[in-house]
Protein chains: 2
Amino acid sequence: MTLLAIDLGGTKLAAAVLSDDGAILAEETVLLNGRRGNGVGALIAEQIRKNIEQHADEIDAVGICVPGISRRETGTVWAPNIPGWDDYPLLAETEKVAEGSPVFIDSDRACHILGEEWKGAAQGCRNAVYLAVGTGIGAGILADGSILRGAHDIAGAVGWMALERPFDARYVECGCFETNASGEGLAKLARRMLAQVPHRPSVLRAVHPNELSAGTVFEAYEAGDETAQEVIAAAIEFWGMAAANMVSIFDPEKVLFGGGMFGPAGRFLEQIRDEAKKWAQPIAIERTEIVLSELGPKAGLYGAARMALKALANGGVKNVQ
Amino acid sequence: MTLLAIDLGGTKLAAAVLSDDGAILAEETVLLNGRRGNGVGALIAEQIRKNIEQHADEIDAVGICVPGISRRETGTVWAPNIPGWDDYPLLAETEKVAEGSPVFIDSDRACHILGEEWKGAAQGCRNAVYLAVGTGIGAGILADGSILRGAHDIAGAVGWMALERPFDARYVECGCFETNASGEGLAKLARRMLAQVPHRPSVLRAVHPNELSAGTVFEAYEAGDETAQEVIAAAIEFWGMAAANMVSIFDPEKVLFGGGMFGPAGRFLEQIRDEAKKWAQPIAIERTEIVLSELGPKAGLYGAARMALKALANGGVKNVQ
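Not measured: the values here are computed from a predicted model. (Residues numbered from 1 in each chain as written. Chains lettered and ligands numbered in written order. Predicted model: local features only at pLDDT ≥ 70, side-chain atom pairs only at ≥ 80, totals over all residues. Heavy atoms only, no water.)

1. Points about the side chain of Glu178 of chain A
Residues and elements named next belong to chain A. To keep things clear, this is the line we draw: Numbering goes from the N terminus for both helices and strands, where a helix is a DSSP run of H or I of at least four residues and a strand is a run of E of at least two. A simple rule labels every residue: compare its accessible area, found with a 1.4 Å probe on the protein chains alone, to the largest value its type can have, and call it buried under 20%, exposed over 50%, or partly exposed in between. By the counting rule applied here, Lys and Arg register as positive and Asp and Glu as negative, while His and the ends of each chain are not counted. Any Lys or Arg side-chain nitrogen located within 4 Å of an Asp or Glu carboxyl oxygen qualifies as a salt bridge. Polar contact is the term for a pair of N or O atoms within 3.5 Å; when the atoms are in protein, one must be able to donate a hydrogen and the other to accept it, and sequence-neighboring residues count only if both atoms are side-chain atoms. We call two residues in contact when some of their heavy atoms are within 4.5 Å.
Within the secondary structure, Glu178 sits in helix H4 (residues 176–181). No salt bridge is formed by the buried Glu178; its nearest oppositely charged neighbour, Arg109, is found at 7.4 Å. Separated by 2.9 Å, the side chain of Glu178 and the backbone nitrogen of Ile137 make a polar contact. The contacts of Glu178, once residues within four sequence positions are left out, are Gly136, Ile137, Gly159 and Gly185.

What follows is the structure, encoded as structure tokens:
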């Protein structure tokens, strides 16, 4: 069988043709170039049309990974980084051009853990959590062999995890964990610390506040900067607590750290493990591996293909588990 | 169909014969009276033998709810409050006397949510979390219609949830959430506060520290005692954060508070809801009801019967979902 996988991000779209054993037969990345709403839908439709044409109708199914929530009931998508995609009818728009090949859509959370379970760090797992730490934070959760979805397709919104009392107004926009330990959160925390301790020298003061990113914090950390080290130390604590909570709640075989921050934060994995061990249910954490994602930016493509394959095997039910 | 349900607690055992529509046909409670290990096993076996005899072989299945972990692979049980039950072969011991009726064993966590889903506050739910707050804290989790078990039957150990930095040595024994917000935790926190603020008057000072329980804290709260009010205010914050985390992670239709503390803490449900709303993923919490358990101490019996019924319907597979 042959699958067309499409991984939509906030700034670009990757498309790949894969065999059902996971070999990538063709691959292409296209920038969104500021496209919005219907424009992004048209770009995806164009990719599907082109690939079905090029692969002489060999595509058995199309799997699409979207950066947001795929609503199973309606076939629509909410994607906060694609302007106009509050309830975008992606399924209807793509089925029009798929020439009868079934189209399946799922969230990046679900696709990432499915990709890792198929070809990455979660192979052989029936219980695994993919903590995606990038600009924001979310989780793909495989529980007893099924992707966790919840009553309204929102399950896995772990960026909202409460990890430190008392409630702070900063948490209103994106939650306690994400505010403190996402890429965006690290940059914000660095800015706060620079303002709070105005006399402490820091290489970060040479960076314009608007230019200060998680990347500059990691560079400053490497250079031994005290502010950067405090920011990273706090993040390690939060990442460890979050991993511990996933272990105590889900009792998984593995917790995977992925997303843009892991990446550079991968070097702290041992410290994150040590922090998690302090907090988690002790029998469960002894049996859980805390590891890095293996597929990196390819997790979405593999996951989209795997999701489509699983859906086909289940008779074509949308977003089947 | 007729089921024999047995709910084992730390100090007593309840047994009931139920019809498959949930009518209780007979019921009995027996004190453990200090029995341990094999003695508790013998008491359960005796109940099974007696009920099968009395009900003239009408018992189609036996369901047993245990206060600990039911290990599916081995048919053994770990129950921290029953001395000698580290890996007790309960399945083998009970099958001997069940005269061919199949025996199914599951944890109190799993049974409580199954009972509430059948006859209590979670009826009609496919996604619901039962937060059992008693001497300790645990959760029964229904996710997409199935009981969450995890890789080693430990899932739902939410008493270990990390909710406040930094790690405190007090958390080593039973976790951050349980240390701060279980019945035992409330009593401990009250003792700490009395010691930390030695000059503040408190009605709790009239109680011998060993006698100080969650119950005395609730009574002192009612009498307007400042220390008791601070203890309860902290607990409400922790209960709210925990409920919020269940909502953000599982996106359930309902979160239920039950166990010995709810009960008396039920009067704070509105405040717990308000606290949870601050922290949780905002779309998910708008659609989640936070309610009290309806079955109270009967949840285990109903759940044990429901679990046995479900297992029968699935062809007798042990601990089926």
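Picking up where we left off.
2. Details of the relation of the copies chain A and chain B
The following threshold applies: The copies were overlaid by least squares, fitting only the C-alpha atoms of residues that reach a pLDDT of 70 or more in each copy.
When chain A is fitted onto chain B, the two copies agree to an RMSD of 0.0 Å after a turn of 180° and an axial shift of 0.0 Å. Between the two chains, the operation in question is that of a two-fold axis. Both copies present the same face, since 100% of the interface residues in chain A are matched by interface residues at the equivalent positions in chain B.

3. Topic: helix H6 (residues 214–222) of chain B
All of the buried residues along H6 of chain B are Ala214, Thr216, Val217, Phe218, Ala220 and Tyr221 of chain B. Looking at the buried positions of H6 of chain B, the neighbouring elements they touch are helix H5 (183–196) and helix H7 (226–250) of chain B.

4. Examining the packing of aromatic side chains
Convention followed: Classification of ring pairs uses Phe, Tyr and Trp, with its six-membered ring standing for Trp, and accepts pairs whose centres are within 6.5 Å; under 30 degrees between planes counts as stacked, over 60 as edge-to-face, and the remaining range as tilted. In our convention, an over-ring charge means Lys NZ or Arg CZ found within 6 Å of a ring centre and within 35 degrees of that ring's normal.
Inspection of every chain in the model, using the stated rule, returns 19 aromatic pairs over all chains. Here the aromatic residues Phe167 and Tyr171 of chain A together with Trp279 of chain B are joined through ring pairs into a cluster of three or more. Here the guanidinium or amino end of Lys119 of chain A rests over the ring plane of Trp118 of chain A, the centre of that ring lying 5.4 Å away.

5. Remarks on the packing of H7 of chain B against helix H8 (residues 269–279) of chain B
Residue and element names in this part refer to chain B. This is how the line gets drawn: Every axis in this analysis is a line fitted to C-alpha atoms, fitted for helices over the stretch in contact. Angles between the N-to-C directions lie between 0 and 180 degrees. Roughly parallel covers angles under 35 degrees, roughly antiparallel covers those over 145, roughly perpendicular covers 65 to 115, and oblique covers all other angles. Note: crossing handedness is left-handed where the near helix turns anticlockwise from the far helix by less than a right angle, and right-handed where it turns clockwise. Under the scheme applied, nonpolar residues are Ala, Val, Leu, Ile, Met, Phe, Trp, Tyr, Cys and Pro; charged residues are Asp, Glu, Lys and Arg; polar residues are all the others, including Gly.
Their axes nearest at 7 Å, the elements H7 and H8 cross at an angle of 55°. Relative to H8, H7 is oriented oblique. The two elements H7 and H8 cross, and the hand of that crossing is right-handed. Listed contacts from H8 to Ile236, Glu237, Trp239, Gly240, Met241, Ala243 and Ala244 of H7 are Gln271, Ile272, Glu275, Ala276 and Trp279. Its residues placed into classes, the contact of H7 with H8 shows eight nonpolar, two polar and two charged.

6. Concerning helix H5 (residues 183–196) of chain A
Every α-helical turn comprises 3.6 residues, leaving residues that sit three or four positions apart pointing alike. Residue and element names in this part refer to chain A. The criterion, for reference: The span you would expect from a helix comes to 1.5 Å times its residue count less one.
The end-to-end C-alpha distance of H5 is 20 Å, a good match for the 20 Å that 14 residues give at a rise of 1.5 Å each. Every buried residue of H5 is listed here: Gly183, Gly185, Leu186, Ala187, Leu189, Ala190, Met193 and Leu194. Elements in contact with the buried residues of H5: H4, helix H6 (214–222) and helix H7 (226–250).

7. What to know about the interface of chain A and chain B
Size of an interface, as often reported, equals the accessible area lost when the parts are brought together. The following threshold applies: Here the quantity called buried area is the accessible surface, traced with a 1.4 Å probe, that two parts lose on coming together, added over both.
At the interface, 47 residues of chain A touch 47 residues of chain B. Overall, the association of chain A and chain B removes approximately 4100 Å² of surface from exposure, summing both partners, and the carbon and sulfur fraction of that is 61%. Considering only the side of chain A, the residues that lose the most area to chain B are Arg165, Ile249 and Trp279 of chain A, jointly responsible for 20% of the buried surface there. Inspection of the chain A/chain B interface yields four salt bridges. Salt-bridge contacts for Glu237 of chain A lead to Arg165 of chain B; the nearest nitrogen and oxygen are separated by 3.0 Å. Counting across the chain A and chain B interface gives 24 residue pairs in polar contact (both at pLDDT 80 or more). Taken together, the elements giving at least two residues each to the side of chain A that touches chain B come down to strand E9 (137–143), H7, helix H8 (269–279) and helix H9 (282–286) of chain A. Residue contributions to the side of chain A that touches chain B peak at nine residues, all from H7 of chain A. Of the residues that constitute the side of chain A that touches chain B, the class distribution is 29 nonpolar, eight polar and 10 charged.

8. A word on the pattern of salt bridges
Residue and element names in this part refer to chain A. For the structure shown, the criterion picks out 32 salt bridges over all chains. Here Asp153 ties to Arg72 by a salt bridge, and the two come within 2.6 Å at their closest N and O atoms. Here the residue Asp153 occupies a position in the loop between strand E10 (146–147) and H4, and Arg72 occupies one in the loop between strand E5 (69–71) and strand E6 (76–78), the gap between them amounting to 81 residues. On the basis of relative accessibility, which here comes to 17%, the residue Asp153 falls in the buried class.

9. Concerning the packing of helix H3 (residues 108–119) of chain B against helix H10 (residues 299–313) of chain B
Helix packing for two helices is described by the angle between their axes and how far apart those axes are. All names here are of chain B. Interhelical geometry of H3 versus H10 gives an angle of 85° and a closest axis separation of 7 Å. Taken together, the axis directions place H3 and H10 in an arrangement best described as roughly perpendicular. Of the residues in H10, those touching H3 at Cys111, His112, Leu114, Gly115, Glu116, Glu117, Trp118 and Lys119 are Ala299, Gly300, Tyr302, Gly303, Ala304, Ala305, Arg306, Met307, Leu309 and Lys310.

10. Things to note about the domain arrangement of chain A
Residue and element names in this part refer to chain A. So the rule is basically this: For each domain, the first and last residues come from an automatic or database assignment.
Partitioning chain A into structural domains gives domain 1 (2–113 + 297–313) and domain 2 (124–293). Computed from C-alpha coordinates alone, the two centres of domain 1 and domain 2 are separated by 28 Å. Facing the 10 residues of domain 1 at the interface are 17 residues of domain 2. For the pair domain 1 and domain 2, the summed buried surface comes to about 1000 Å²; carbon and sulfur atoms form 57% of the total. In this assembly, domain 1 and domain 2 are joined by two salt bridges.

11. Structural notes on the sheet that holds strand E9 (residues 137–143) of chain B
Residues and elements named next belong to chain B. The criterion, for reference: One bridge is not enough; two strands pair if DSSP finds at least two bridges between them.
If you trace the five strands from one edge of the open sheet to the other, you get E10-E9-E8-E11-E12, paired in mixed fashion. Lying at the two open borders of the sheet, with one neighbouring strand each, are strand E10 (146–147) and strand E12 (289–292). Pairing of strand E8 (residues 128–133) with E9 involves six bridges; the strand directions are antiparallel. Of the residues in E9, the one forming a bridge with Leu131 is Ala139. Along the sheet face, H3 touches E8, E9, E10 and strand E11 (254–258) and points at about 50° away from the line of E9.

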